[in-house]
Amino acid sequence: MKLNILKTEVVFQSLLTFISLAYVIFDYVQKTEGTEFFIALFFIGVSNLLGFLLRISLVPSKFHRYYFFGVILFFLILYCITSLTVDSHTEFAIYFMGIGGMLFNVYYLVYGFCLIKTMKQNKIAE
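Residues numbered from 1 in each chain as written. Predicted model: local features only at pLDDT ≥ 70, side-chain atom pairs only at ≥ 80, totals over all residues. Heavy atoms only, no water.

**Points about the overall build of the protein**
Then, in step 1: Each helix and strand in the protein was counted, giving 4 helices and 0 strands.
Then, in step 2: Start at the N end of the protein and walk to the C end: the helices and strands fall as α-α-α-α.
Then, in step 3: Based on the C-alpha atoms only, the size of the protein along its principal axes is roughly 55 × 35 × 15 Å.
Then, in step 4: In the protein, which comprises 126 residues, the proportion classed as buried is 33%.
Then, in step 5: Pairs at least 24 apart in sequence give 76% of the contacts found in the protein among residues at least 6 apart.
Then, in step 6: As displayed, the protein has an accessible area near 8,600 Å², and 75% of this comes from carbon and sulfur atoms.
Then, in step 7: Averaging the positions of the 9 positive and the 7 negative side-chain charges in the protein gives two centres separated by 22 Å. (Helix = DSSP H or I, 4+ residues; strand = E, 2+ residues; numbered from the N terminus. Buried < 20%, exposed > 50% of the residue type's maximum accessible area, 1.4 Å probe, protein only. Contact = heavy atoms within 4.5 Å. Areas by Shrake-Rupley, 256 points an atom, 1.4 Å probe, with all protein chains shown as cover. Lys, Arg positive; Asp, Glu negative; His and termini not counted. Charge placed at Lys NZ, Arg CZ, Asp CG, Glu CD.)

Following this line, the structure appears as structure tokens:
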């Protein structure tokens, strides 16, 4: 049952990621403002947070720690970039948020597939 829930969550996250990226690419081709990227990134982030809480409750894994502390470190670096510098580097902070958010999403998807692979191997071994 846990494996099926995890598979469904990973499929949902993958679909949401691809739909969001398609939306962003479509808006980029239409030459509209770049705010759509951050709207899509917000929805991806919220779904990653909910999925992360689901994963924590289903499967023990070292990847949980890496993801959690990576997100904390990301926001600490973002805080340092925006508030502790004199001119706040707004443009750099925006690019950092976009690139960092997408990299965390890619890690989140890969780590979901790794959890499924590990669970399948453990199920076969049992």
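**Here's the deal with the confidence of the model for the protein**
Then, in step 1: Here the protein averages 84 in pLDDT, while 94% of its residues score no lower than 70.
Then, in step 2: Across the protein, helix α3 (residues 62-83) holds the top mean pLDDT of 88, while helix α4 (residues 90-125) sits lowest at 84. (pLDDT = per-residue confidence, 0-100.)

**Topic: the nonpolar core**
General note: in soluble globular proteins, nonpolar side chains tend to be found buried as a group.
Then, in step 1: Core analysis: the biggest nonpolar cluster contains 14 residues, and Leu6, Val59, Tyr67 and Tyr111 have the highest contact counts within it.
Then, in step 2: Counting residues per element, the ones that place at least two in this core are α1 (2-29), α2 (35-58), α3 and α4.
Then, in step 3: Broken down by element, this core gets its largest block of residues, 6 residues, from α4. (Core = buried A, V, L, I, M, F, W, Y, C linked by side-chain atoms within 4.5 Å.)

**Some details on the side chain of serine 47**
Then, in step 1: Mapping serine 47 onto the fold places it in helix α2.
Then, in step 2: Overall, the relative accessible area of 8% leaves serine 47 in the buried class.

**Topic: the side chain of asparagine 48**
Then, in step 1: Following the sequence through the fold, asparagine 48 ends up in helix α2.
Then, in step 2: In contact with asparagine 48, not counting residues within four places along its chain, are Gln13, Tyr67, Asn105 and Tyr108.

**Describing α1**
Along an α-helix, residues three or four positions apart point the same way, because every turn accommodates 3.6 residues.
Then, in step 1: For α1, which comprises 28 residues, the first-to-last C-alpha distance of 40 Å matches the rise-based estimate of 40 Å (1.5 Å per residue) to within 8%.
Then, in step 2: The set of residues buried in α1 consists of Leu3, Leu6, Glu9, Val10, Gln13, Ser14, Thr17, Ser20, Val24 and Asp27.
Then, in step 3: Phi turns positive one or two residues past the end of α1, at lysine 31, with a value near 60 degrees. (Expected span 1.5 Å × (residues − 1).)

**Topic: the packing of α1 against α2**
Then, in step 1: Where α1 meets α2, the closest approach of the two axes is 10 Å, and the angle between their N-to-C directions is 175 degrees. Between α1 and α2, the angle falls in the class roughly antiparallel. (Axes fitted to C-alpha atoms, helices over the stretch in contact; angles between N-to-C directions. Parallel < 35°, antiparallel > 145°, perpendicular 65-115°, else oblique.)

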